[in-house]
2 protein chains.
Amino acid sequence: MSSTTLNARVLFNAVPQGVPIPGETTVYDSSQTIDLENHPLNGGFLVKTLILSIDPGMRTRMRKPEEKGYVPAYAVGELLEGFGVGIVLRSENPDVAVGQYLQGRGFLYQQYFALPSLPLGMFFLNRDPGVPLTTYVGALGLPGKTAWAGWKEFSRPKKGETAFVPSGASAVCSMVIQLAKLDGLKVIASAGSEEKVEYLRQIGVDVAYNYKNVDTRGVLEREGPIDICWDTVGGDALNAALDNAAVGARFLECGQMTILNKVGSRALIIENPMPTMGKGVSINFISSPLHIPKHLAEFNRTVPAALIKGTLVRSPEDVRHGLECVGETIRAVQMGETKGKAVVVVGEEA
Amino acid sequence: MSSTTLNARVLFNAVPQGVPIPGETTVYDSSQTIDLENHPLNGGFLVKTLILSIDPGMRTRMRKPEEKGYVPAYAVGELLEGFGVGIVLRSENPDVAVGQYLQGRGFLYQQYFALPSLPLGMFFLNRDPGVPLTTYVGALGLPGKTAWAGWKEFSRPKKGETAFVPSGASAVCSMVIQLAKLDGLKVIASAGSEEKVEYLRQIGVDVAYNYKNVDTRGVLEREGPIDICWDTVGGDALNAALDNAAVGARFLECGQMTILNKVGSRALIIENPMPTMGKGVSINFISSPLHIPKHLAEFNRTVPAALIKGTLVRSPEDVRHGLECVGETIRAVQMGETKGKAVVVVGEEA
Ligand SMILES: NC(=O)c1ccc[n+]([C@@H]2O[C@H](COP(=O)([O-])OP(=O)(O)OC[C@H]3O[C@@H](n4cnc5c(N)ncnc54)[C@H](OP(=O)(O)O)[C@@H]3O)[C@@H](O)[C@H]2O)c1
Ligand SMILES: NC(=O)c1ccc[n+]([C@@H]2O[C@H](COP(=O)([O-])OP(=O)(O)OC[C@H]3O[C@@H](n4cnc5c(N)ncnc54)[C@H](OP(=O)(O)O)[C@@H]3O)[C@@H](O)[C@H]2O)c1
């Protein structure tokens with residue numbers, strides 16, 4: 001007996017000029033079906049997608065194939081790929097058991113997909129029932145691991161120093177802030193809404209403000225100088241931080257939200273390099289695939305337990321439902337319109 | 001009995017728009033005299049200036065007082081100040097002996113000047129007769145010490161790696177290149193004239209070229225990727241190096257020759273930040289006053305002896321005579337017209 005099920009998916013359709021446009025940059029496609037019982041596995045296994053992350057970094061993959069980049073460009077006409085959580089429905093691969101949860105990169109933006117073996121960056125997940133599944137693309141996924149690894153690798157925190165985290169309510173930055181507080185730092189952080197500013201206060205930020213109403217330069221002149229800056233935005237906030245950096249300040253460059261969607265030059269501009277040089281600042285670019293492996297064991301020993309205990313808390317989330325909304329969510333993430341880490345629930349557990 | 005001697009000097013006269021203009025940005029003034037025997041010392045000492053360095057970095061001090069910077073701005077109407085070598089003619093300070101050589105920062109651009117005590121950054125010099133005096137503003141002065149300290153602090157060289165040093169024949173860079181070769185690296189370096197390229201070959205550069213005739217990007221695509229870049233120029237060479245950086249590359253940002261004299265924005269622009277992030281590059285700004293102290297003892301134990309032995313060699317020099325030519329030499333340095341480290345001989349040794 002065989003029965004077919006809808007197997008909806010999201011395809012990359014065209015390289016965007018600026019902000020990705022739903023239905024144009026990406027398209028939702030419901031033309032495919034799958035026979036879950038009989039779909040040929042050829043020695044591999046079948047995954048049911050449960051959760052997909054809409055990561056800001058997906059924008060960097062939406063480029064012309066000839067443009068250089070570290071993460072491969074999406075190919076036009078092919079499935080989107082990224083971070084998610086899934087469960088194994090069937091398996092012919094002796095290393096992969098049915099019912100096994102999977103987490104990490106290499107998820108196709110489709111309800112069901114077959115893989116020959118675990119791709120690089122996809123891991124078995126020991127699902128803890130005390131932890132919502134969305135956490136595995138947030139505090140226990142790429143954002144949390146990136147924060148942890150980058151902080152451990154480059155921050156060199158000294159108790160009493162001051163850290164600045166612009167747009168600090170993101171999944172990455174909320175972990176950074178909590179690590180900074182555990183290390184005894186004074187933390188200045190901004191966010192783009194009052195709700196997020198309130199969240200920042202809850203996780204212990206000393207100076208929290210809404211950068212849409214309050215001038216960052218003024219805050220840093222009063223509350224700085226800055227010993228550590230964790231930057232995911234670039235642009236004016238980065239330059240305000242550099243201009244208010246302390247001698248020997250460490251900058252951790254983790255993202256460039258304000259320039260990713262610019263039409264034309266997407267350069268990172270340091271407006272006043274000579275004072276920055278005089279202060280002996282270091283700028284460390286964070287690359288999750290490069291920096292996570294070294295720090296993963298310590299992360300796994302520490303962070304899941306801390307989340308269950310409540311000594312670390314998750315970032316706000318913006319949970320949406322169904323692959324139909326992937327395109328719109330990608331746009332909203334790039335516009336900074338999401339109310340927290342953007343997550344799309346694609347399938348239900350069991 | 002008293003006799004007066006000419007005490008010529010160079011004053012900062014006006015903040016330049018772009019490249020400093022001799023006679024306008026700085027003025028030579030021969031209106032002063034000094035009575036060397038009777039000039040009041042008030043417990044201090046009298047210095048005869050022997051050598052003055054015309055450092056590229058002097059340009060950063062020629063700014064409006066309200067513009068921030070790490071090294072103080074020159075005040076209009078006041079003497080230029082910088083790096084030099086001098087000898088003590090008279091002293092009422094028990095710590096400073098007549099005939100003592102002095103080296104370092106805090107030299108006034110005047111033939112003779114009195115000081116109450118040794119300023120920060122000025123040191124006693126054990127003059128080695130085997131070493132030309134100009135060396136003390138080159139390989140044994142700020143440039144050599146900056147190269148040494150920056151390299152020891154940030155380069156983390158591994159044998160077999162590749163270093164790139166644009167405009168490598170400068171006083172700073174020639175030391176960097178020799179340290180890189182001693183550490184077993186392959187070195188790619190450029191310069192702005194055939195003579196300098198020839199010098200680069202002599203100090204062991206593996207791939208030396210004149211960047212005015214040969215395209216840097218092409219060279220780096222063939223000979224890279226780059227593990228370490230020592231950058232004193234910024235601009236296109238920096239971006240070519242970033243675009244050809246290896247995973248985990250270290251950039252040592254020591255200067256910005258190509259943008260110091262720009263009218264309007266003097267920003268440091270990273271054209272393609274996302275691939276740079278993907279490769280986990282670190283950019284370390286070098287600040288000589290911050291980084292030299294930690295590494296000075298080892299420098300003093302190693303470099304003077306190596307220069308005498310010939311295992312390290314000095315950079316090319318462009319030696320000029322008399323304070324009258326300071327203004328023109330400043331201009332020439334900023335235009336990249338000098339044939340080596342620019343040095344002005346102001347007085348003769350006894
Ligand atoms: N280097 C790496 O390996 C690596 C790995 C993972 C993530 N990242 C980067 O880390 C950053 C955070 O990632 P995440 O997953 O934690 O993100 P997230 O939870 O989706 O949060 C992103 C936040 O960025 C803020 N933002 C600031 N300026 C923006 C703008 N012009 N447009 C859009 N959003 C803007 C928004 O918060 P406000 O409204 O408060 O400003 C938004 O909520 C991103 O830049 C991402 O690319 C880097
Ligand atoms: N960060 C610090 O603490 C620190 C301390 C000392 C020195 N520095 C910096 O290190 C660099 C070298 O200093 P140095 O004393 O060794 O210099 P130098 O011997 O006078 O050499 C400077 C060289 O820069 C090159 N250059 C490249 N582009 C140029 C341009 N657009 N305009 C002018 N010159 C250009 C020229 O060589 P080519 O003709 O071969 O291009 C010139 O000979 C400078 O950038 C200086 O500011 C920094």
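Residues numbered from 1 in each chain as written. Chains lettered and ligands numbered in written order. Predicted model: local features only at pLDDT ≥ 70, side-chain atom pairs only at ≥ 80, totals over all residues. Heavy atoms only, no water.

Caption draft 1: Spotlight on the pairing of strand β14 (residues 245-253) of chain A. Residues and elements named next belong to chain A. Taking burial as the measure, the 9 residues of β14 include 7 buried ones, the bulk of the element. Relative to β14, strand β13 (residues 226-231) runs parallel, the two being bridged by 5 bridges. Within the sheet, the bridge partner assigned to I228 lies in β14 and is R250. (Buried < 20%, exposed > 50% of the residue type's maximum accessible area, 1.4 Å probe, protein only. Helix = DSSP H or I, 4+ residues; strand = E, 2+ residues; numbered from the N terminus. Pairing = 2+ DSSP bridges.)

Caption draft 2: Structural view of the interface of chain A and chain B. The interface of chain A with chain B comprises 36 residues on the first partner and 36 residues on the second. Both sides of the chain A and chain B interface together cover about 2,700 Å² of buried area, and 71% of this is carbon and sulfur. At the junction of chain A with chain B, the criterion picks out 0 salt bridges. One can count 7 residue pairs in polar contact (both at pLDDT 80 or more) joining chain A with chain B. Those elements giving two or more residues to the side of chain A that touches chain B turn out to be β14, β15 (268-270), α7 (273-278), β16 (282-285) and α8 (288-309) of chain A. Here 3 bridges tie β16 of chain A to strand β16 (residues 282-285) of chain B, and the two strands are oriented antiparallel to one another. Bridging across to β16 of chain B, S282 of chain A finds its partner in N284 of chain B. (Contact = heavy atoms within 4.5 Å. Buried area = accessible area lost by both parts, 1.4 Å probe. Salt bridge = Lys/Arg side-chain N within 4 Å of Asp/Glu carboxyl O. Polar contact = N/O pair within 3.5 Å; in protein donor to acceptor, adjacent residues only side chain to side chain.)

Caption draft 3: Molecular detail of the relation of the copies chain A and chain B. For these two chains of identical sequence, chain A goes onto chain B by a turn of 180° and a shift of 0.0 Å along the axis, with RMSD 0.0 Å. Here the two chains are linked by the operation of a two-fold rotation axis. With an isologous cut-off of 70% or more, the 100% of interface residues of chain A that recur at the interface of chain B puts this contact in the isologous class. (Least-squares fit on C-alpha atoms with pLDDT ≥ 70 in both.)

Caption draft 4: Seen up close, helix α5 (residues 216-223) of chain B. Residues and elements named next belong to chain B. Burial in α5 covers these residues: T216, V219 and L220. Viewed end-on, α5 has its buried residues packed into an arc of 95°, placing them on one side of the element. Exposed positions of α5 whose direction lies more than 90 degrees from the buried face are E221 and R222. Turning to α5, the residues buried within the fold contact β10 (162-165), β11 (186-191), β12 (207-210), β13 (226-231) and α6 (235-243). (Arc of directions from axis to C-beta.)

Caption draft 5: A look at the site of ligand 2. Lining the immediate environment of ligand 2, one finds 29 residues, of which S167, V172, Y211, I286 and K341 of chain B sit closest. This site is not confined to one chain, since residues near ligand 2 come from chains A and B. Within the contact set of ligand 2, an oxygen atom lies 2.5 Å away from a side-chain nitrogen or oxygen of Y211 of chain B. When ligand 2 sits alone it has 920 Å² of accessible area, and the protein chains cover 91% of it. Put simply, the parts of the chain that give the shell around ligand 2 at least two residues each are α2 (142-154), α3 (171-182) and α9 (326-335) of chain B. (Near = heavy atom within 4 Å. Areas by Shrake-Rupley, 256 points an atom, 1.4 Å probe, with all protein chains shown as cover.)

Caption draft 6: Region of interest: the environment of S315 of chain B. Residue and element names in this part refer to chain B. Tracing the backbone through its elements, the reader meets S315 in the loop between α8 (288-309) and β17 (317-321). Residues S315 and N244 lie 71 residues apart in sequence; the distance between their C-alpha atoms is 27 Å. Apart from the residues within four sequence positions on either side, S315 is in contact with A169, S170, A171, S174, Y199 and K341.

Caption draft 7: Seen up close, the site of ligand 1. Around ligand 1, a shell composed of 29 residues is seen, among which S167, V172, Y211, I286 and K341 of chain A lie nearest. This site is not confined to one chain, since residues near ligand 1 come from chains A and B. Within the backbone of I286 of chain A, a nitrogen or oxygen atom sits 2.7 Å from a nitrogen atom of ligand 1. Relative to its unbound accessible surface of 920 Å², ligand 1 loses 91% to contact with the protein. Looking at the shell around ligand 1, the elements with two or more residues in it are α2 (142-154), α3 (171-182) and α9 (326-335) of chain A. Here the residues of the shell around ligand 1 are counted per class, giving 14 nonpolar, 12 polar and 3 charged. (Nonpolar A, V, L, I, M, F, W, Y, C, P; charged D, E, K, R; others polar.)

Caption draft 8: Molecular detail of the pattern of salt bridges. All names here are of chain A. Enumeration over the complete set of coordinates arrives at 30 salt bridges over all chains. The salt bridge involving K181 is made with D206; its shortest N-O contact spans 2.7 Å. A residue pair is termed long-range when its members are at least 10 positions apart, and K181 in helix α3 and D206 in the loop between α4 (194-202) and β12 (207-210) qualify at 25 residues. For K181, a relative accessible area of 26% corresponds to the partly exposed category. Classification of D206 as partly exposed rests on a relative accessible area of 43%. A salt bridge links R201 to E198; its shortest N-O distance comes to 3.7 Å. Of the two residues, R201 and E198 both sit in helix α4, 3 residues apart, roughly one turn of that helix. What you see here is one network of salt bridges that share partners, running through K158, E161 and R250.

Caption draft 9: Summary view of the UniProt feature "domain: Enoyl reductase (ER)" (unreviewed entry) in chain A. In the numbering used here, UniProt assigns the feature "domain: Enoyl reductase (ER)" (unreviewed entry) to residues 49-344 of chain A. Split by type, residues 49-344 of chain A is 31% helix and 26% strand. Its first and last C-alpha atoms lie 10 Å apart. (UniProt positions renumbered as here; feature names shortened; annotations may be inferred.)

Caption draft 10: View of the environment of M335 of chain B. Residue position: M335 of chain B is located in helix α9. By relative accessible area, which is 45% here, M335 of chain B ends up partly exposed.

Caption draft 11: Broad picture of α3 of chain A. Residue and element names in this part refer to chain A. Across its 12 residues, α3 extends 17 Å between first and last C-alpha, which sits within 8% of the 16 Å expected from 1.5 Å per residue. The element α3 is extensively covered by neighbouring structure, given that 10 of its 12 residues are classed as buried. Along α3, the residues classified as buried are A171, V172, C173, S174, M175, V176, I177, Q178, L179 and A180. Just downstream of α3, G184 is the residue with a positive phi angle, here 80°. (Expected span 1.5 Å × (residues − 1).)

Caption draft 12: Here's a closer look at the state of the cysteines. Residues and elements named next belong to chain A. Counted according to the given criterion, the structure contains 0 disulfides over all chains. The cysteine C254 is free of any disulfide, with C173 supplying the nearest cysteine sulfur at 6.7 Å. Its relative accessible area of 15% is what places C254 among the buried residues. (Disulfide = S-S within 2.5 Å.)

Caption draft 13: Up close: the side chain of T135 of chain B. Note on placement: T135 of chain B falls in the loop between β9 (122-125) and α2. For T135 of chain B, the side chain forms a polar contact with the main-chain oxygen of P132 of chain B, separated by 2.7 Å.

Caption draft 14: The sheet that holds β13 of chain B, seen in detail. Pairing within the open sheet is mixed, and its 12 strands lie in the order β12(A)-β11(A)-β10(A)-β13(A)-β14(A)-β16(A)-β16(B)-β14(B)-β13(B)-β10(B)-β11(B)-β12(B). Looking at strand neighbours, the two that pair on one side only are β12 of chain A together with β12 of chain B, the edges of this open sheet. Across the sheet, the mean angle from the axis of one strand to that of its neighbour is 15°, orientation sign disregarded. Sheet strands in contact with α4 of chain A are β11 (186-191) and β12 of chain A, and its direction is about 175° off that of β12 of chain A. (Axes fitted to C-alpha atoms, helices over the stretch in contact; angles between N-to-C directions.)

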